[in-house]
Amino acid sequence: MIIKEDIIADMHTHTVASLHGYSTVYENICFAEKAGMKYIAITDHVYQNGDYIFQKNEVTRVKYMEDNVNRHVPVKVIGSAEFNILQTAPMLKRLKKINWRPIGLHNFNLGIEALSWDELYEGFEKAAEDHNAFCHIERELEKINRDESKDGMGQNDRIFLEKIVELAKKKDIFLELNECSLIPSRANLERLRYWFKIASENGNKISLGSDAHFCAEVGLFDRALALLNEFNYDKNLILNCDEERVASLLLH
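Residues numbered from 1 in each chain as written. Predicted model: local features only at pLDDT ≥ 70, side-chain atom pairs only at ≥ 80, totals over all residues. Heavy atoms only, no water.

Pulling in residues and values, what's your account of the overall build of the protein?
Looking only at helices and strands, the protein has eleven helices and eight strands in total. Partitioning the intrachain contacts of the protein with sequence separation of at least 6 by distance along the chain shows that 78% fall at a separation of at least 24. Accessible area of the protein: about 11300 Å², with a carbon and sulfur share of 50%. (Helix = DSSP H or I, 4+ residues; strand = E, 2+ residues; numbered from the N terminus. Contact = heavy atoms within 4.5 Å. Areas by Shrake-Rupley, 256 points an atom, 1.4 Å probe, with all protein chains shown as cover.)

Structural data, given as structure tokens:
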């Protein structure tokens, strides 16, 4: 059984830099410490193409967090960013030196809803060369404008999730178990339980992320732990339980 004390990191959190977050880096760190975390990944959204990223100076922002913040705080910050599959090559090249690079299906006016199932998969297949985690895929499928995905789970959802699980295993990529996705009111729970069942049978590596957009949500994994233990997940496959592996994701 995996218990709360086994979890030493939150691998998916947001701050005001995400534009729809409500807390600062320091506030997230304070609540991470209260929750017993030793590490916290700040995965603020990277929105547009390489030129825009250059203007925002995302590389400098991420490096600053580790070079300066970590000297002063008890919970170490993993400088990161949350990527979307339709973002451009120049942006990926600029941020490739970041060690924790989760990628998902947030649309944010990037046109994801217009892609076919094959194009969605091809996007993740390409992303697997530059990223090390697939985040909350099951949740974002509900936003894609297809009748079979709006309510419950259609056959195409199943096929897509099965292919993603196999791709992640083949490419040695973490699948994220997202605490926010487990909120009972969300429509994606059927998809999440389905892909997690096949991921557990397949022996996929898992990362846990609160997806906190407010500091009080950081480090809370009650629903995720319940699901891990329901499927008897091997603790050795959980990134958040491996301090040596998590520490290796720091830039230095």
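From this point, the narrative continues.
Kindly report on the side chain of Asp6, identifying the contributing residues and their values.
By secondary structure assignment, the location of Asp6 is in the segment before β1 (9-13). Its relative accessible area of 18% is what places Asp6 among the buried residues. Discounting residues that sit within four places of it in the chain, Asp6 has contacts with Met1, Lys235, Asn240 and Cys241. (Buried < 20%, exposed > 50% of the residue type's maximum accessible area, 1.4 Å probe, protein only.)

Go over the sheet that holds strand β3 (residues 76-79), please, and point to the residues and values.
Strand order in the open sheet formed by three strands is β1-β2-β3, and the pairing between neighbours is parallel. Only two strands of the sheet have a single partner each, and these edge strands are β1 and β3. If you compare each strand with its neighbour and ignore which way they point, the axes differ by 20 degrees on average. Of the strand pairs in this sheet, strand β2 (residues 39-42) and β3 are connected by four bridges, and their pairing is parallel. Counterpart to Ile42 in the pairing with β3 is Gly79. Running over the sheet, helix α1 (residues 25-34) touches β1, β2 and β3 and is turned about 150 degrees from β2. (Pairing = 2+ DSSP bridges. Axes fitted to C-alpha atoms, helices over the stretch in contact; angles between N-to-C directions.)

I'd love a proper account of the nonpolar core, names of residues and values included.
Formed by 60 residues in total, the largest nonpolar core has its most connected members in Phe124, Phe134 and Leu177. If one sorts the elements of this core by residue count, helix α8 (residues 155-171) sits on top with six residues. Tyr39, Ala41, Ile78 and Trp100 belong to the second-largest nonpolar core, a separate cluster that totals 13 residues. (Core = buried A, V, L, I, M, F, W, Y, C linked by side-chain atoms within 4.5 Å.)

Just give me the short version of the packing of helix α9 (residues 189-202) against helix α10 (residues 222-230), but keep the residues and values in it.
In contact at an axis separation of 11 Å, α9 and α10 are set at 45 degrees when each is read in the N-to-C sense. As judged from the angle between their axes, α9 and α10 are oblique. For α9 against α10, the interelement crossing comes out right-handed. In contact with Leu192, Arg193 and Phe196 of α9, α10 contributes Leu227, Leu228 and Glu230. By residue class, the composition of the contact of α9 with α10 is four nonpolar, no polar and two charged. (Parallel < 35°, antiparallel > 145°, perpendicular 65-115°, else oblique. Left-handed = near helix turned anticlockwise from the far one by under 90°. Nonpolar A, V, L, I, M, F, W, Y, C, P; charged D, E, K, R; others polar.)

Tell me what's going on with the packing of aromatic side chains, and back it up with residues and numbers.
Per the counting criterion, the structure on display carries seven aromatic pairs. Each ring, one from Phe124 and one from Phe134, has its centre 5.0 Å from the other, and the planes form 75 degrees; the classification is edge-to-face. In this pair, Phe124 is assigned in helix α5 (residues 117-127) and Phe134 in strand β6 (residues 133-134), connecting sequence segments ten residues apart. Each member of the pair Phe124 and Phe134 is classed as buried. Pairwise contacts between aromatic rings join Trp117, Phe124, Phe134 and Phe160 into one cluster. Here the guanidinium or amino end of Arg158 rests over the ring plane of Tyr194, the centre of that ring lying 6.0 Å away. The ring of Phe174 has Lys205 lying over it, and the distance from NZ or CZ to the ring centre is 4.1 Å. (Phe/Tyr/Trp six-rings, centres within 6.5 Å; stacked < 30°, edge-to-face > 60°. Lys NZ or Arg CZ within 6 Å of the ring centre and 35° of its normal.)

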